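Each chain is listed here by its residues.
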Amino acid sequence: MEASSSGSTISSVTGGKTKTHQPAKDVNIFFDELEGVNSPSKDDDSLLHHGNLTSTSDDASRLEVVGEEVPDKNKTSGLYFRDGKCRIDYILVYRKSNPQTEKREVFERNIRAEGLQMEKESSLTNSDIIFVKLHAPWEVLGKYAELMNVRMPFRPFNPFNAGAPCILVRCCFLNGHFIEINGRSRRSRRKIYYLHRRYKFMNRIEKQISRFRGWLPRKPMKLDKETLPDLEENDCYTAPFSQQRIHHFIIHNKDTFFNNATRSRIVHHILQRVKYEEGKNKIGLNRLLSNGSYEAAFPLHEGSYRSKNSIKTHGAENHRHLLYECWASWGVWYKYQPLDLVRRYFGEKIGLYFAWLGWYTGMLFPAAFIGLFVFLYGVTTLNHCQVSKEVCQATDIIMCPICDKYCPFMRLSDSCIYAKVTHLFDNGATVFFAVFMAVWATVFLEFWKRRRAVIAYDWDLIDWEEEEEEIRPQFEAKYSKKERMNPISGKPEPYQAFADKCSRLIVSASGIFFMICVVIAAVFGIVIYRVVTVSTFAAFKWALIRNNSQVATTGTAVCINFCIIMLLNVLYEKVALFLTNLEQPRTESEWENSFTLKMFLFQFVNLNSSTFYIAFFLGRFTGHPGAYLRLINRWRLEECHPSGCLIDLCMQMGIIMVLKQTWNNFMELGYPLIQNWWTRRKLRQEYGTQGKTSFPQWEKDYNLQPMNAYGLFDEYLEMILQFGFTTIFVAAFPLAPLLALLNNIIEIRLDAYKFVTQWRRPLASRAKDIGIWYGILEGIGILSVITNAFVIAVTSDFIPRLVYAYKYGPCAGQGEAGQKCMVGYVNASLSVFLVSDFENRSEPTSNGSEFSGSPLKYCRYRDYRDPPHSPVPYGYTLQFWHVLAARLAFIIVFEHLVFCIKHLISYLIPDLPKDLRDRMRREKYLIQEMMYEAELERLQKERKERKKNGKSYHNEWP
């Protein structure tokens, strides 16, 4: 139904009869006629209906129908009361055998006293289960919408004619003048925007860009708004709802004025403030759910997500069907997300998560492209790499064994493949990519703040402030004896003493430290496994494993490490839950932030501890042949491969990242699918296929899986840990952004499918941002700069090669560092060891006669040490100190340079786009004008009515 001019009428269809009403002066009469509500019965038994099989056809709830009522179909849709008029806004579920009957009766009696209507129905599958259907009449919705400051579409004035009727026009504000775009049509109910003066140069550039876009496919990633008209953005001006100014709001039908998500949110707000027992703390639905009085509480989905008819020809049956077709279906994986529809159905908090996930996935495209370019650069320059050539041609260089006794001597050329693979990740473009990713992380966060500001403006979250949160029941029960006045509400509330709070925080911090020590112990176990098995694999019967003992050791160690990570994650969740409850946070948000921080810290350390060991400790403290450092004076510490440790780090990151993402995606969708399949199987065996499809909507939703107990915590945690993998060690694994991008494309659709089809509909809740996760992202961005600096300086051979090229190579002193300057680098990076100097427990079983026909006298190893016959045998050479100084200098210069760039970018990019800031100021001004003009028009009409009726009032001042 559309807004019309003062001379037209508004029509509504009620029970098949058309009624007309004057749009302005008869507003109050219009609502009086529409507000036919049933008074709630006080007898609980009269509200209980025995369950019958009902059809769940949702044809009556098609999106195109606005004011039409179809009572016969509504009665069988599963979305209304039995009268077919009252829409179900909320469902409570309990068992008749539950002993908490008295609390439930008091609670339900108080619910009816608040004005909510109630109807009960027993389950079709279990007579012990009772569904309580709740409906909020118009008076209740209006009352609490005003208390909750719910923003609703506002009726502005016409800027071209202040005395004209209150209709919206879409226009631009150009050079101080309004310019109408598309007149007084339905699509014109839009916010009034304005544009800055555009210069000819910019217009020419835009014309050239438009001409180039004309050659490309026409917006393949955009959703088809003509086929799916319900996706049109509703960006009308909004204002906090007020019953006194109800004539200022765009109300076509009271039943559809508040959408289903808003209605459920209002009902939940009421349920959280209803008492169930005498006492100041015996209040709220959450406490009844925690003590078992009610088994479940949830809003209903809007019917089935599937339809026999095509959405393109017959339209969407309901919003759930529309979300499935244009968001959760795999056929639209390449299209943008309908965020406005997600927000309308699931609320702003879930909408912001998917907005952030979509933004993060979009920002991964340039990072993945550059990472792939770095990898391909290594592939194309592989044949020109002087280091790889020297390694592959070094058939006369014999390397010392990498483990005690069983490891044989080996030719350096045997590691040719590993040298080539290392070059794919450790090449001249690696430093550039590390700097790029550090800058990318900053740009991603800064532009997300801008994107969040735009979303907050479009979703009316700019001025929204969270309500004063209720105190947690556990906190009240613990500290009910001590009270103090709340400075905001002025009411007495439980109080936790400072000494008690500090002692609990100290115990919690000690628990966190202990769990981190458990992680370190697990890493220590992996290290011992690597040390022991490398000798075992070296003596293996199979030649394939014997010749690749170090790779086999690394691969199996990574898989075992992954299993330990997954097992410890289960333990960490319980420990984090225990420590958070031990702290006794005052409110739910404080509890959530504390739990989030602990879980992230535990899982981050658990996931990355082995990676840190390989990156910065593996092969760094092994000593040298003849004087190896040993673990507990028994096991010789593991050495790097002759081609370096970077290949081990790449394997660690690649295997962990792929396995972790695959496991998470399987568990996210696999577990709910299996649970729901098992439920459907039991119902099919008991009632048959036809009976299952005719269950009412509340029965179907109850059989779905509830949302995670921690809300969006698991989804955010998975993506934040992935963000850490993508940025922290990206210099060692440039393909990490590409793997993350491919995973996120799947993740968006998996999460969408899970929310739409496998989970009960979560309560629509509001939020302005992603909360504590943004601070964690900033911390990961800072840590990534430090870790990448150390990876390049310590783990890779970038600095030793650079020092050799400028100081010791053929081009020393010439200021060049090309491939010709790397001739002889491999030989210069290897030291000489006298075989007779081996310790007895590390002396190899073979004497190396298979290489030259006689026992070996010397072997080589990776280090910068003097030869055995020098005045100081095996002492560090001058080149070692040059390399060490260069590494420290690179770390300092790299970190300071990148941090300066990050801070510069943060300073140059404002958190709020300039056009958005101007639009907000303009809107504030226009809303004030609209309020004034609308009020003035109302007073003028009232004056005309009084004159017409012959009534005059003297309102002059005395």
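Residues numbered from 1 in each chain as written. Predicted model: local features only at pLDDT ≥ 70, side-chain atom pairs only at ≥ 80, totals over all residues. Heavy atoms only, no water.

1. Quick look at the overall build of the chain
For the chain, the count of helices and strands is 30 helices and 21 strands. Here the chain holds 958 residues, and 51% of them are scored as buried. When contacts within the chain are restricted to residue pairs at least 6 apart in sequence, those whose partners lie at least 24 apart make up 73%. Of the roughly 46900 Å² that the chain leaves accessible, carbon and sulfur atoms contribute 58%. (Helix = DSSP H or I, 4+ residues; strand = E, 2+ residues; numbered from the N terminus. Buried < 20%, exposed > 50% of the residue type's maximum accessible area, 1.4 Å probe, protein only. Contact = heavy atoms within 4.5 Å. Areas by Shrake-Rupley, 256 points an atom, 1.4 Å probe, with all protein chains shown as cover.)

2. Here we look at the state of the cysteines
Inspection of the entire model under this criterion finds 3 disulfides. Here C811 pairs with C821 through a disulfide, and the sulfurs are 2.1 Å apart. Here the S-S torsion is close to -85 degrees, and the disulfide linking C811 with C821 is therefore left-handed. With C811 in the loop between α26 (798-808) and α27 (825-828) and C821 in the loop between α26 and α27, the pair connects residues that are 10 residues apart, well separated along the chain. Classification of C811 by relative accessible area gives buried; the value is 4%. Judged by its relative accessible area of 0%, C821 is buried. Distance from the sulfur of C563, which forms no disulfide, to the nearest cysteine sulfur (C559) is 7.2 Å. (Disulfide = S-S within 2.5 Å.)

3. With respect to helix α23 (residues 713-728)
In this model, α23 (16 residues) spans 22 Å end to end at C-alpha, consistent with the 22 Å of a helix rising 1.5 Å per residue. Across the 16 residues of α23, 15 count as buried, placing the element largely inside the fold. (Expected span 1.5 Å × (residues − 1).)

4. Side note on the pattern of salt bridges
Overall, the coordinates contain 24 salt bridges when judged by the stated rule. When the shortest N-O distance is used, the salt bridge between D89 and R263 registers 2.8 Å. Placement of D89 in the loop between α2 (71-74) and β4 (90-95) and of R263 in helix α7 (residues 260-271) is noted, with a sequence separation of 174 residues between them. Residue classification places D89 among the buried residues on the basis of a relative accessible area of 2%. Classification of R263 as buried rests on a relative accessible area of 3%. Residue E121 pairs with K133 through a salt bridge whose shortest N-O separation is 2.9 Å. One end of the pair, E121, is in strand β5 (residues 117-122); the other, K133, is in strand β6 (residues 129-135), with 12 residues separating them in the sequence. For the pair E121 and K133, a shared accessibility class is recorded, and that class is buried. One network of salt bridges, with partners in common, ties together R82, E119, E121 and K133. (Salt bridge = Lys/Arg side-chain N within 4 Å of Asp/Glu carboxyl O.)

5. Here's the deal with unusual backbone geometry
Positive phi, normally seen in glycine, also occurs at N149, with a value near 55 degrees. We note that Y874 has phi near 60 degrees; this positive angle belongs to a residue other than glycine. On the secondary structure map, Y874 appears in the loop between β21 (858-862) and α29 (878-908). Taking the relative accessible area as the measure of exposure, Y874 reaches 11% and is therefore buried.

6. So, the packing of aromatic side chains
Tallied over the full model, the rule gives 51 aromatic pairs. Positioned above the aromatic ring of Y345, the side-chain terminus of R761 is 3.8 Å from the ring centre. The positively charged end of R865 is found above the aromatic ring belonging to Y876, 4.2 Å away from the centroid. (Phe/Tyr/Trp six-rings, centres within 6.5 Å; stacked < 30°, edge-to-face > 60°. Lys NZ or Arg CZ within 6 Å of the ring centre and 35° of its normal.)

7. Focus: the pairing of strand β20 (residues 830-834)
Taken across its 5 residues, β20 has 4 buried, putting it largely inside the fold. As paired strands, β20 and β21 are joined by 5 bridges and run antiparallel to one another. Looking at the pairing, L834 lines up with Y858 of β21. (Pairing = 2+ DSSP bridges.)

8. Things to note about the packing of helix α12 (residues 348-380) against helix α15 (residues 430-458)
Contact pair α12 / α15: the axes reach a minimum separation of 10 Å and the direction vectors enclose 155 degrees. When the axis of α12 is compared with that of α15, the two are roughly antiparallel. Considering how the two elements wind past one another, α12 and α15 form a crossing that is right-handed. Of the residues in α15, those in contact with L352, A355, W356, W359, Y360, M363, L364, P366, A367, I370, G371 and V374 of α12 are F432, F433, F436, M437, W440, V443, F444, F447, W448, R451, R452 and I455. (Axes fitted to C-alpha atoms, helices over the stretch in contact; angles between N-to-C directions. Parallel < 35°, antiparallel > 145°, perpendicular 65-115°, else oblique. Left-handed = near helix turned anticlockwise from the far one by under 90°.)

9. Details of the side chain of Q584
Relative to the helices and strands, Q584 resides in the loop between α19 (549-583) and α20 (588-616). Ignoring any residue separated from it by four or fewer positions in sequence, one finds Q584 in contact with R472, Q474, F475, K478, Y479, Q496 and R504.

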